[in-house]
Amino acid sequence: DAKTTQPTSMDCAEGRAANLPCNHSTISGNEYVYWYRQIHSQGPQYIIHGLKNNETNEMASLIITEDRKSSTLILPHATLRDTAVYYCIVVGNEKLTFGTGTRLTIIP
Amino acid sequence: GAVVSQHPSRVICKSGTSVKIECRSLDFQATTMFWYRQFPKKSLMLMATSNEGSKATYEQGVEKDKFLINHASLTLSTLTVTSAHPEDSSFYICSARWPDYNEQFFGPGTRLTVL
């Protein structure tokens, strides 16, 4: 599976949109981009996934560039409960390979 | 989302004992389940892939005789840490793949402390 690169940490003000970038320049045509998050001492929580089109659900939006080499997860109105480590994962088969993720801190 | 449970949520045991951790998919049938381990301030590391009715596939460096995995039904997989030692202390997390939606749902994790 393709490797991903994410910033180590980010801060975002409560109520603002949180934009989390991810680079996956070696992604291949049949690989999906998945986003999970992990709140301290809990199991990861699925957020969203996409192949090449932008996706939106009740939690977030996923914007994938046309060349598919990068993507951005958008939490439209961040709350304190969104503080977590966010993982961007490229998946070709069913295995999930977690990188180090981005530690997002929502500031009151 | 779908629910995956783990039991126990927390266990403390003496060195040399064996510990069994259960992972259940509560509202779907999972032909494939995964076991991960997470050390403090580190990311999740995949240990093995568990397929119902067949032997588990272990990742490189994971001892299959130490971490016994049984996937006896479509809703239950167990991980047994045999002869546990303090270095096995970790957060163990399972996930179950829901084929209909091609998604993996994670359990809440089991924190193992070996004294």
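The model shown is predicted, which means the values in this text are computed figures rather than measured ones.

The rules behind each value
Within any chain, residue numbers begin from 1 and follow the written order of that chain's sequence. Each chain gets a letter, beginning with A, and each ligand a number, beginning with 1, in the order they are written. Only residues with pLDDT of 70 or above have their local features reported here, since the model is predicted, and side-chain atom pairs are shown and tallied only from 80 upward, although totals for entire chains, interfaces and linings are computed over all residues. As a convention, hydrogens and water are excluded, and side-chain values are obtained from all of the structure's heavy atoms. In DSSP terms, a helix is any run of H or I states spanning at least four residues, a strand is any run of E spanning at least two, and both are numbered starting from the N terminus. Working definition of a nonpolar core: buried Ala, Val, Leu, Ile, Met, Phe, Trp, Tyr and Cys residues. They are joined through side-chain atoms within 4.5 Å. Accessible area is worked out with a 1.4 Å probe on protein chains only. A residue is then buried under 20% of its type maximum, exposed over 50%, and partly exposed in between. Residues count as neighbours in contact if any of their non-hydrogen atoms are within 4.5 Å of one another. By definition, the buried area sums, over both parts, the 1.4 Å-probe accessible area that each loses when the two are put together. What makes a salt bridge here is a side-chain nitrogen of Lys or Arg within 4 Å of a carboxyl oxygen of Asp or Glu, nothing more. A 3.5 Å cut-off defines polar contacts: any pair of N or O atoms within that distance qualifies, except that in protein one atom must be a possible hydrogen donor and the other a possible acceptor, and neighbouring residues in sequence count only when both atoms are side-chain atoms. Charged means Asp, Glu, Lys or Arg here, nonpolar means Ala, Val, Leu, Ile, Met, Phe, Trp, Tyr, Cys or Pro, and polar covers whatever is left, Gly included. Paired strands, as defined in this entry, are two strands with at least two bridges between them according to DSSP. We call Phe, Tyr and Trp rings a pair once their centres come within 6.5 Å, taking the six-membered ring for Trp, and we label the pair stacked below 30 degrees between planes, edge-to-face above 60, and tilted otherwise. Working rule: Lys NZ or Arg CZ, within 6 Å of ring centre, within 35 degrees of ring normal, means a charge sits over the ring.

Student: Any details on the environment of glutamate 58 of chain A? Residues and values, ideally.
Tutor: Tracing the sequence through the fold places glutamate 58 of chain A in the loop between β5 (55–56) and β6 (61–64). Distance from glutamate 58 of chain A to glycine 99 of chain A, taken between C-alpha atoms, is 25 Å for residues 41 residues apart in sequence.

Student: So, the nonpolar core: which residues are in play, and what are the values?
Tutor: In terms of nonpolar packing, the biggest core is built from 27 residues, with Val4, Phe28, Trp35, Phe67, Leu79, Tyr92 and Leu112 of chain B touching the most fellow members. Of all the secondary-structure elements, those providing two or more residues to this core are β2 (10–13), β3 (19–25), β4 (32–38), β5 (45–51), β7 (67–73), β8 (76–81), β9 (90–98) and β11 (110–114) of chain B. With 4 residues, β9 of chain B is the single largest residue contributor to this core. Those residues in contact with phenylalanine 67 of chain B that lie beyond four places of it in its chain are Arg37, Met47, Tyr58, Val62, Leu79, Thr80, Val81, Asp88 and Tyr92 of chain B. Membership of the second largest hydrophobic core comes to 21 residues, among which are Cys22, Ile27, Ala78 and Leu104 of chain A.

Student: Could you give an account of the interface of chain A and chain B, with specific residues and numbers?
Tutor: The partner chain B presents 19 residues to the 16 residues of chain A that form the contact. Of the roughly 1,400 Å² buried between chain A and chain B on both sides combined, carbon and sulfur atoms contribute 50%. Ranking the residues of chain A by area buried against chain B places Glu94, Lys95 and Phe98 of chain A at the top, with a combined share of 35%. Close ionic contact of lysine 95 of chain A with glutamate 59 of chain B constitutes a salt bridge, the shortest N to O distance being 2.8 Å. Linking chain A to chain B there are 4 residue pairs in polar contact (both at pLDDT 80 or more). Only β3 (32–38) and β4 (45–50) of chain A provide two or more residues apiece to the side of chain A that touches chain B. Take the side of chain A that touches chain B: its biggest share by element is 3 residues, from β3 of chain A. Here the side of chain A that touches chain B is composed, by residue class, of 7 nonpolar, 7 polar and 2 charged.

Student: Which residues make up the pairing of β7 of chain B, and what values do they have?
Tutor: Note on strand geometry: in a regular strand, side chains alternate between the two faces of the sheet. Residues and elements named next belong to chain B. Summarising the sheet, β7 and β8 pair through 5 bridges and their orientation is antiparallel. Note on β8: the bridge partner recorded for isoleucine 69 is leucine 79. What sits between β7 and β8 in their antiparallel hairpin is a turn of 2 residues.

Student: I'd like a rundown of the sheet that holds β5 of chain A, residues and numbers included.
Tutor: Residues and elements named next belong to chain A. The antiparallel open sheet is built from 4 strands, whose spatial order is β2-β7-β6-β5. The open sheet has two edge strands, β2 (18–23) and β5, and neither has a second partner. When β2 meets strand β7 (residues 70–75), the two strands line up antiparallel, connected through 6 bridges. Of the residues in β7, the one forming a bridge with asparagine 23 is serine 70.

Student: Residue-level account of the packing of aromatic side chains, with values.
Tutor: Applying the stated criterion across every chain yields a total of 14 aromatic pairs over all chains. Ring centres 5.8 Å apart and planes at 75 degrees place the aromatic pair tyrosine 36 of chain A and tyrosine 46 of chain A in the edge-to-face group. Residue tyrosine 36 of chain A is found in strand β3, and its partner tyrosine 46 of chain A is found in strand β4; the two are separated by 10 residues along the sequence. In terms of burial, tyrosine 36 of chain A and tyrosine 46 of chain A fall into one category: buried. Here the aromatic residues Tyr32, Tyr34, Tyr36, Tyr46, Tyr87 and Phe98 of chain A together with Tyr36 and Phe106 of chain B are joined through ring pairs into a cluster of three or more. The cationic tip of lysine 66 of chain B hangs over the ring face of phenylalanine 67 of chain B; the distance from NZ or CZ to the ring centre is 6.0 Å.

Student: Can you break down unusual backbone geometry residue by residue, with the values?
Tutor: For residues other than glycine, phi is negative in most cases, and the peptide bonds are mostly trans. Residue proline 8 of chain B is bonded to the preceding histidine 7 of chain B through a cis peptide linkage, with omega at 0 degrees. Summarising the element assignment, proline 8 of chain B is placed in the loop between β1 (4–7) and β2. Despite not being glycine, serine 41 of chain A shows a phi value in the positive range, around 65 degrees. Within the secondary structure layout, serine 41 of chain A lies in the loop between β3 and β4.

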